[in-house]
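# Examination of the molecular architecture
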Amino acid sequence: MYRKESQEARKIARERIEKLFSQAELFTKEGRYDLGRRYVSLARRIGMKVDISVGHRMDYCRNCNVYMIPARTCRVRVRRGRKVIFCLSCGNTSRFPYRRKKRAEG
Ligand SMILES: [Zn+2]
């Protein structure tokens, strides 16, 4: 009973997070970075509350919350098997493990 409730809460939270991120993306594409930031920080807050590992870790800057759109708000490089995202807004660099499909490495 208690468990079911929290599962339901998670589901709702996840849906909300998805919505907030898509809003953030839209606003950022329109050049309204601050609005985008507001939606990202809302999504992050919900994610923290219900302990959901947000599947959007690469979609925003962890420093200034700006939504990441390559060539617009960030620059993306792949280096030594890692994805390096450079935020054009605040200059923060985030690194993520980058999984390549198994092919001849080179
Ligand atoms: Zn930033």
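Just so it is clear, the structure is predicted and the values come from calculations on it, not from any experiment.

Turning to the nonpolar core, a few remarks are in order. With 11 residues, the main nonpolar core is built from A13, I17, L20, F21, A24, V40, A43, I46, Y60, Y67 and I69. The set of elements that each furnish at least two residues to this core consists of helix 1 (2-29) and helix 2 (33-49). With 5 residues, helix 1 is the single largest residue contributor to this core. Ignoring sequence-local partners within four residues, the contact set of Y60 consists of F21, V40, R44, N65, V66, Y67 and M68. Grouped together as the second largest cluster of nonpolar side chains are 8 residues, C64, M68, C74 and F96 included.

Strand pairing in a sheet relies on backbone hydrogen bonds. The paired strands run either parallel or antiparallel. The 3 strands are arranged 1-2-3 in an open sheet whose pairing can be described as antiparallel. Looking at the sheet topology across the chains shown, the edges are occupied by strand 1 (74-79) and strand 3 (93-97). Across the sheet, the axes of successive neighbouring strands diverge by a mean angle of 20 degrees, strand direction being ignored. Note: strand 1 against strand 2 (residues 82-87), 6 bridges, orientation antiparallel. Among the inter-strand pairings, C74 is bridged to a residue of strand 2, identified as C87.

Thresholds, definitions, all that
- Residues numbered from 1 in each chain as written.
- Predicted model: local features only at pLDDT ≥ 70, side-chain atom pairs only at ≥ 80, totals over all residues.
- Heavy atoms only, no water.
- Core = buried A, V, L, I, M, F, W, Y, C linked by side-chain atoms within 4.5 Å.
- Buried < 20%, exposed > 50% of the residue type's maximum accessible area, 1.4 Å probe, protein only.
- Helix = DSSP H or I, 4+ residues; strand = E, 2+ residues; numbered from the N terminus.
- Contact = heavy atoms within 4.5 Å.
- Pairing = 2+ DSSP bridges.
- Axes fitted to C-alpha atoms, helices over the stretch in contact; angles between N-to-C directions.

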